[in-house]
Amino acid sequence: MLVDAIRAEGFRLSKNRTALFWSLLFVPIVSLVIGAITNFVLKGSETKILGDEKMPAELKEALGRGTLDMGEALVTAAGNLANPLVLLFVLIGAATLYAGDYRWETWRLISARNSRVNLLLAKLAVVAVLALAAMGFMLLGSVLENLIKAAVFERTLTLAMTGETIGQFIGFFGLSWLRIIQFAMMGMLAAVVTRSLLAALFVPLVVGVAQFFTPQMLLPMGVTPDAWLSVLVNPGASIDAIQAVIAGGERAAALPDGLLLKAWVGVGLWTLAPLAGALAWFRRQDLSKE
């Protein structure tokens, strides 16, 4: 029955071309266009930038004629797959899935054919696949952007994928996917509680912005960024801490003791608690009048 529900949700989403465009294609296309324009602008200003001693060394290095390691570029891209733009636009598709039946008053037509838990979990499964697809398009856009960069600056392409590099890529990719799912969980809870598509879209954004500023608000109260309270209220910082451990080196060594455990607890809490709340609320919800 769960498989049937997943197929139905996937079919319905596949017919919503607008949601698919904004969730899957918009951000990669914009990122690719901006990246290409940036490379051409830098190429046009190459002489001026290299001759200016005040320019950052990283910028001058980017203009060099050395090799461009696509393996390293993929690892960097994988660590940035859950950036705010991706979270925002994947949330468009997620909110459409979560709140669409409330908007079109179709819950009562399908709830008789399957259990409510299966119906909600099916939406979550399709969102998980949507997130993977969006991340795949982002990676493709990053590859194309680096190919353009190599062509513009006449750099030689290499692909050095060691065991460590592959491990980092898988770790970053999985962590980015988890972050997108965790963010979408707030949209599911908001959709079930409010029965509103706009709430499913904007509540996670408001909560996400509030989470970002919470550690700065807690610091004057004597609560340090690595304290339990600061970590638990800001899952984005928890993701950054776990990412630092995956990256290793100085980033991992600089983390306070015990922060990794707190980070995993924080991410798990913000992923499972909204899911449990949405399932519990939905099972007791009156769907006769959506």
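Residues numbered from 1 in each chain as written. Predicted model: local features only at pLDDT ≥ 70, side-chain atom pairs only at ≥ 80, totals over all residues. Heavy atoms only, no water.

**Considerations on a nonpolar patch on the surface**
Among the surface-exposed residues, F21, W22, L25, I29, V33, I37, V41, F137, L140, L144, L147 and L157 lie close enough to one another that they form a single nonpolar patch of about 980 Å² accessible area. Of all the secondary-structure elements, those providing two or more residues to the nonpolar patch are α2 (17–44) and α8 (116–152). Element by element, the count of residues in the nonpolar patch is highest for α2, at seven residues. By the secondary structure assignment, L144 is in helix α8. (Patch = residues over 30% accessible without salt bridge, like charges linked within 9 Å, V, L, I, M, F, W, Y side chains within 5 Å. Areas by Shrake-Rupley, 256 points an atom, 1.4 Å probe, with all protein chains shown as cover. Salt bridge = Lys/Arg side-chain N within 4 Å of Asp/Glu carboxyl O. Helix = DSSP H or I, 4+ residues; strand = E, 2+ residues; numbered from the N terminus.)

**Quick look at the packing of helix α5 (residues 70–78) against α8**
How two helices sit against one another is set out by the angle between their axes and by the gap between those axes. Between α5 and α8, whose axes approach to 10 Å, the crossing angle comes to 140 degrees. Comparing the axis directions of α5 and α8 gives the class oblique. Where α5 crosses over α8, the two elements pack in a sense that is right-handed. Within the contact between the two elements, α5 uses M70, A73, L74, A77 and A78 and α8 uses L139, S142, V143 and N146. Classifying every residue of the contact of α5 with α8 gives seven nonpolar, two polar and no charged. (Axes fitted to C-alpha atoms, helices over the stretch in contact; angles between N-to-C directions. Parallel < 35°, antiparallel > 145°, perpendicular 65-115°, else oblique. Left-handed = near helix turned anticlockwise from the far one by under 90°. Contact = heavy atoms within 4.5 Å. Nonpolar A, V, L, I, M, F, W, Y, C, P; charged D, E, K, R; others polar.)

**Observations regarding the pattern of salt bridges**
Tallied over the entire structure, the rule returns four salt bridges. E9 is the salt-bridge partner of R12, the closest N and O atoms lying 2.8 Å from each other. One end of the pair is R12 and the other is E9, both in helix α1 (residues 2–14) and three residues apart, which spans about a single turn. Assessed through its relative accessible area of 36%, R12 is described here as partly exposed. Residue classification places E9 among the buried positions, given a relative accessible area of 4%. The network of salt bridges with shared partners includes E9, R12, D101 and K123. (Buried < 20%, exposed > 50% of the residue type's maximum accessible area, 1.4 Å probe, protein only.)

**Some thoughts on the side chain of T214**
Topologically, T214 is positioned in helix α10 (residues 197–218). You can call T214 buried: its relative accessible area is 18%. Side-chain polar atoms of T214 contact the backbone oxygen of A210, separated by 2.6 Å. A polar contact is formed between the side chain of T214 and the backbone oxygen of Q211, at a distance of 2.9 Å. (Polar contact = N/O pair within 3.5 Å; in protein donor to acceptor, adjacent residues only side chain to side chain.)

**Here we look at α2**
Helix length check: α2, at 28 residues, gives a terminal C-alpha distance of 38 Å against a target of 40 Å (1.5 Å per residue), a fit within 8%. Roughly 45 degrees is the biggest bend found in α2, and it falls at L25, with proline P28 one to four residues downstream. Along α2, the positions that sit buried rather than exposed are A19, S23, L24, V27, P28, G35, A36, N39 and L42. (Expected span 1.5 Å × (residues − 1). Bend = angle between axes of the 7 residues up to and from the residue.)

**Some remarks on α5**
For α5, the set of buried residues is M70, G71, A73, V75, A77 and A78. Buried residues along α5 sit in contact with β1 (67–69), α8, β2 (156–158) and α9 (163–194).

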